[in-house]
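# Close look at the chain arrangement
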Amino acid sequence: MIDTISSSLHVPVLLKEAVDALAVKPGGRYVDGTLGRAGHAREIIARGGSVLGIDRDAQALEEIGGIEGLIAVRGRHGDIKEIADEHGWNEVDGVLLDLGVSSPQLDDAGRGFSFLREGPLDMRMDRSSPLTAADLVNTEGEEALATVFRELGEEPRARRIARAIVRRRESKGWIETTTELADVVAGAVGRSGPRHPATRVFQALRMAVNDELGELDRALEGGLAILRSGGRFAVITFESLSDRKVKGFFSSHVGRMKSLQAGGEEWFGAEPRARAVTRRAVAPGEGEMAANPRARSAKLRAIERA
């Protein structure tokens, strides 16, 4: 949900491409499982659709206020089917997931998502959740931390960073802030290249705190289940782990034709069957990336339920 924000306008990444992929029709029902500041939802409504929007961030829901044509619900996108069923939206024309951290969250030092701003090590999308990044950083052992950094951050120096964190805790006590953690990581592995050495560590902690891959698994299954025949499912990702998961899930339902030994062909794949709307991932154009560097890693994929 990485966005460009101005004082009067909220423009998400791949806005036109994502809403185009949904093929919005007047009177259609669409579920936005990651509502954020409702940038996509507003465009869907402008094209004649109505939206059931879900977000776990109470602050985001408060800031968007009331929008005609939008039902805004606090919840997790992993519960998309249950929430849709509760509101009588058990068959919808489209589902959208825009994954990641919004610019308002990144820019708020108090949320603790960014190492560029000093703040508490929080990283919770839902501030009522008990687990924070500080809890993980300061209570997990070296092996557990290395596993988080390796599996969720794809950090090749995970063990070295985890060892440095444990030693820092033992010598100086808890690591309290984002900048303290970033300094520990930089001290462990050095600084080279354009990317800050703590980038993957912060990604891993955020994903662990918010169970992002588990939520995504549930949202993909639930989102496809509530789509009517001909309904579209569009997902925007911002890092490779989520993109691979979406690609694999969509591909399994698109399936493929296989030749049979006895002659002819048969379709093999997961039910319900779907067709690809995007043959490959759609990325932002050069103009969008120039205007919003945070958009550079975004990828859009979409399918249509048969």
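All right, on to the overall build of the protein then. A count of helices and strands for the protein gives 13 helices and eleven strands. Its C-alpha radius of gyration of 20 Å places the protein within 12% of the 19 Å reference for a compact globule of 306 residues. Considering only C-alpha atoms, the protein reaches an extent of 65 × 55 × 40 Å along its principal axes. Relative to all contacts within the protein whose residues are 6 or more apart in sequence, the contacts with residues 24 or more apart total 62%. Summed over all atoms, the accessible surface of the protein reaches about 13,900 Å², with 48% contributed by carbon and sulfur. Positive and negative side-chain charges of the protein, numbering 44 and 46 respectively, have mean locations separated by a distance of 5 Å.

Attention now goes to the confidence of the model for the protein. A residue-level look at the protein finds 96% of positions with pLDDT of 70 or above and a mean pLDDT of 93. Note on residues 1-9: pLDDT is under 50 here. Beyond four places in sequence and across chains, it has 35 contacts.

With their axes 10 Å apart at the nearest point, helix H1 (residues 15-22) and helix H2 (residues 39-46) run at an angle of 50 degrees to one another. Judged by the angle between their axes, H1 and H2 are oblique. As H1 runs across H2, the sense of the crossing is right-handed. Across the interface between the two elements, Leu15, Ala18, Val19 and Leu22 of H1 pack against Gly39, His40, Glu43 and Ile44 of H2.

What follows is about unusual backbone geometry. Cis geometry is adopted by the peptide bond preceding Pro272, which originates at Glu271 and carries an omega value of 0 degrees. Mapping Pro272 onto the fold places it in the loop between strand E9 (265-268) and strand E10 (274-276). Non-glycine residue Ala23 carries a positive phi angle of around 50 degrees. Looking at the element boundaries, Ala23 is found in the loop between H1 and strand E3 (29-32). Even without glycine at this site, Glu154 takes up a positive phi of about 50 degrees. Residue Glu154 is classed as partly exposed on the basis of its relative accessible area of 33%.

With that settled, consider the pattern of salt bridges. All told, the structure shown has 29 salt bridges when counted by the stated rule. Residue Glu155 is joined to Arg157 by a salt bridge in which the shortest nitrogen-to-oxygen separation is 2.9 Å. The exposure class of Glu155 is buried, given its relative accessible area of 2%. Owing to a relative accessible area of 25%, Arg157 belongs among the partly exposed residues under this scheme. Close ionic contact of Glu155 with Arg200 constitutes a salt bridge, the shortest N to O distance being 4.0 Å. Of this pair, Glu155 sits in the loop between helix H7 (142-153) and helix H8 (158-172) while Arg200 sits in helix H10 (residues 199-209); the two residues are 45 residues apart in sequence, bridging distant segments of the chain. Taken together, the shared-partner salt bridges in this structure form one network comprising Lys16, Asp20, Glu43 and Arg47.

Conventions used here
- Residues numbered from 1 in each chain as written.
- Predicted model: local features only at pLDDT ≥ 70, side-chain atom pairs only at ≥ 80, totals over all residues.
- Heavy atoms only, no water.
- Helix = DSSP H or I, 4+ residues; strand = E, 2+ residues; numbered from the N terminus.
- Rg over C-alpha atoms; globule rule 2.2 N^0.38 Å.
- Contact = heavy atoms within 4.5 Å.
- Areas by Shrake-Rupley, 256 points an atom, 1.4 Å probe, with all protein chains shown as cover.
- Lys, Arg positive; Asp, Glu negative; His and termini not counted.
- Charge placed at Lys NZ, Arg CZ, Asp CG, Glu CD.
- pLDDT = per-residue confidence, 0-100.
- Axes fitted to C-alpha atoms, helices over the stretch in contact; angles between N-to-C directions.
- Parallel < 35°, antiparallel > 145°, perpendicular 65-115°, else oblique.
- Left-handed = near helix turned anticlockwise from the far one by under 90°.
- Buried < 20%, exposed > 50% of the residue type's maximum accessible area, 1.4 Å probe, protein only.
- Salt bridge = Lys/Arg side-chain N within 4 Å of Asp/Glu carboxyl O.

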